[in-house]
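Spelled out from the first residue to the last, the chains are:
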Amino acid sequence: MSVSVIRAQRTPVIANVSIGNPVRGLALMTAFADSLPAYSGNGLRCVSCHLDNGTNNAAMPWNGSAARYPRFRARPAYEESLARRVNECIARSLAGRMLPERSRDMRDMVAYIESLRERARSTGGDTVRVSGDGRRGREGYAANCARCHGAAGQGMGINPPLWGAGSFSIGAGMARHFTFATFIRHNMPFDQRGSLSPQQAADIAAYVLSQPRQDHPGKERDWPRGDAPLDVAYATDGARRAGRAIPSPRPLLTRRLSPDSLAR
């Protein structure tokens, strides 16, 4: 649904700062490609990963997130505002182009996350920290995932693509093995949540993440202090300087959009 049909509401004020319209912000997040096509680089929506409009504590919740920013994050190695964190998701998970952070669209999306500030946030379940076997994962994918996401990972209806040009980029958090396996373990299959064992989830993650997806230019500059997590999918300059093991290359597709449109 186009956000243009949503009736404007009075802009809420938090801490005497006008932050935008949360209703419109949620509409943008649920129809990102349709509403902001110039900034969308794949077939995903914000709520493809942040399930139940970001309120599901087992699926990368936005609950309580506003209270955690600004905060230092190791991946860029600087303090990020909430708007910058949203832009990182746009550039990486949506393989898109960053929005101007003072734009109406960004203010409205931040406003929705702000509306969840007081909601309780929990871990949502144990992290899956086991390696996976892609050969077993291929069978597990066919048995548990293909009916919703397609045999070739192309996505079906509102069910998002899991690889290919329509899916998240190599720089996304979902491209990390432990992160993706944990998401699968606690949220998939959608109609049988919790039915997969940690090993089954890890195997499916290994298979899906071995498939081609869009590149993320500049990813080698991530974690410049050399502290990249063990499941990061690509080599970083910091890891090389620290003498750490370098992950095996994954198949990459040409990026559709430059990730960064912000003024330098």
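Preceding this paragraph is the structure being described.
Residues numbered from 1 in each chain as written. Predicted model: local features only at pLDDT ≥ 70, side-chain atom pairs only at ≥ 80, totals over all residues. Heavy atoms only, no water.

(A) Region of interest: the packing of aromatic side chains. Applying the stated criterion to the full structure yields 5 aromatic pairs. Consider the rings of W62 and Y112, whose centres lie 6.0 Å apart with planes at 80°: the pair is edge-to-face. With a gap of 50 residues between them, W62 in the loop between helix 3 (51–54) and strand 3 (71–73) and Y112 in helix 5 (residues 104–114) connect regions that are remote in the sequence. Here W62 matches Y112 in class, with each residue buried. Judged by centre distance (5.9 Å) and plane angle (70°), the rings of F168 and F180 are edge-to-face. Of this pair, F168 sits in the loop between helix 7 (146–149) and helix 8 (177–187) while F180 sits in helix 8, placing them 12 residues apart in sequence. Take F168: its relative accessible area is 3%, and that puts it in the buried class. Taking the relative accessible area as the measure of exposure, F180 reaches 5% and is therefore buried. Feature note: the residues Y141, W163 and Y207 constitute an aromatic cluster, connected by ring pairs. (Phe/Tyr/Trp six-rings, centres within 6.5 Å; stacked < 30°, edge-to-face > 60°. Helix = DSSP H or I, 4+ residues; strand = E, 2+ residues; numbered from the N terminus. Buried < 20%, exposed > 50% of the residue type's maximum accessible area, 1.4 Å probe, protein only.)

(B) The arrangement of helix 8 in detail. Counting buried positions over the 11 residues of helix 8 gives 9, a clear majority of the element. Among the residues of helix 8, those classed as buried are H177, F178, F180, A181, T182, F183, I184, H186 and N187. Here the buried face of helix 8 lies against helix 3 and helix 9 (198–209). (Contact = heavy atoms within 4.5 Å.)

(C) Quick look at the layout of surface pockets. Quantified by volume, the largest pocket comes out at close to 1,300 Å³. Lining the largest pocket are 48 residues, and of these M60, R73, R85, R121 and T179 lie nearest its centre. Of all the elements in the fold, those that place two or more residues in the lining of the largest pocket are strand 3, helix 4 (82–92) and helix 8. Among the elements that take part in the lining of the largest pocket, helix 4 stands out by supplying 7 residues, more than any other. (1 Å grid on protein atoms, 1.4 Å probe; cavity = no way out; pocket = protein on both sides within 12 Å on 5 of 7 lines; lining within 4 Å. Points joined across faces, edges and corners; volume = space filled by probe spheres on them.)

(D) Spatial organisation of helix 5. Counting buried residues along helix 5, 9 of its 11 residues qualify, which places the element largely inside the surrounding structure. Taken together, the buried positions of helix 5 are D105, M106, D108, M109, V110, A111, Y112, I113 and E114.

(E) Up close: the nonpolar core. One finds F32, W62, I90, Y141, I184 and V208 to be the most contacted residues of the largest nonpolar core, which totals 49 residues. Secondary-structure elements contributing two or more residues to this core are helix 1 (22–30), helix 4, helix 5, helix 8 and helix 9. Here this core gets 7 residues from one element, more than from any other, and that element is helix 9. Sequence-distant contacts of W62, defined by excluding residues within four places in its chain, comprise M29, C46, V47, H50, N53, G54, Y112, I113, L116 and R121. (Core = buried A, V, L, I, M, F, W, Y, C linked by side-chain atoms within 4.5 Å.)

(F) Expanded view of unusual backbone geometry. Of note, the amide linkage connecting Y69 to P70 takes the cis form, showing an omega dihedral of 0°. On the secondary structure map, P70 appears in the loop between helix 3 and strand 3. The omega angle of the peptide bond from M188 to P189 is -10°, so this bond is cis rather than trans. Residue placement: P189 occurs in the loop between helix 8 and helix 9. With a phi angle near 50°, M60 is a residue other than glycine that sits in the positive phi range. At A95, a position not held by glycine, the phi torsion is positive, near 45°.

(G) Representation of the environment of G173 within the structure. Tracing the chain through its elements places G173 in the loop between helix 7 and helix 8. Given a relative accessible area of 24%, G173 falls into the partly exposed group. For the pair G173 and C89, spaced 84 residues apart in the sequence, the C-alpha separation amounts to 8.5 Å. When residues no more than four places from it in sequence are discounted, the contact partners of G173 are R75 and T179.

(H) Region of the structure containing the packing of helix 8 against helix 9. With their axes 8 Å apart at the nearest point, helix 8 and helix 9 run at an angle of 125° to one another. Accordingly, the angle class assigned to the pair helix 8 and helix 9 is oblique. In this structure, the crossing between helix 8 and helix 9 has a hand that is right-handed. Contacts between helix 8 and helix 9 involve H177, F180, A181, I184 and R185 on the former and, on the latter, P198, A201, A202, I204, A205, A206, V208 and L209. Tallied by class, the residues present in the contact of helix 8 with helix 9 amount to 11 nonpolar, 1 polar and 1 charged. (Axes fitted to C-alpha atoms, helices over the stretch in contact; angles between N-to-C directions. Parallel < 35°, antiparallel > 145°, perpendicular 65-115°, else oblique. Left-handed = near helix turned anticlockwise from the far one by under 90°. Nonpolar A, V, L, I, M, F, W, Y, C, P; charged D, E, K, R; others polar.)

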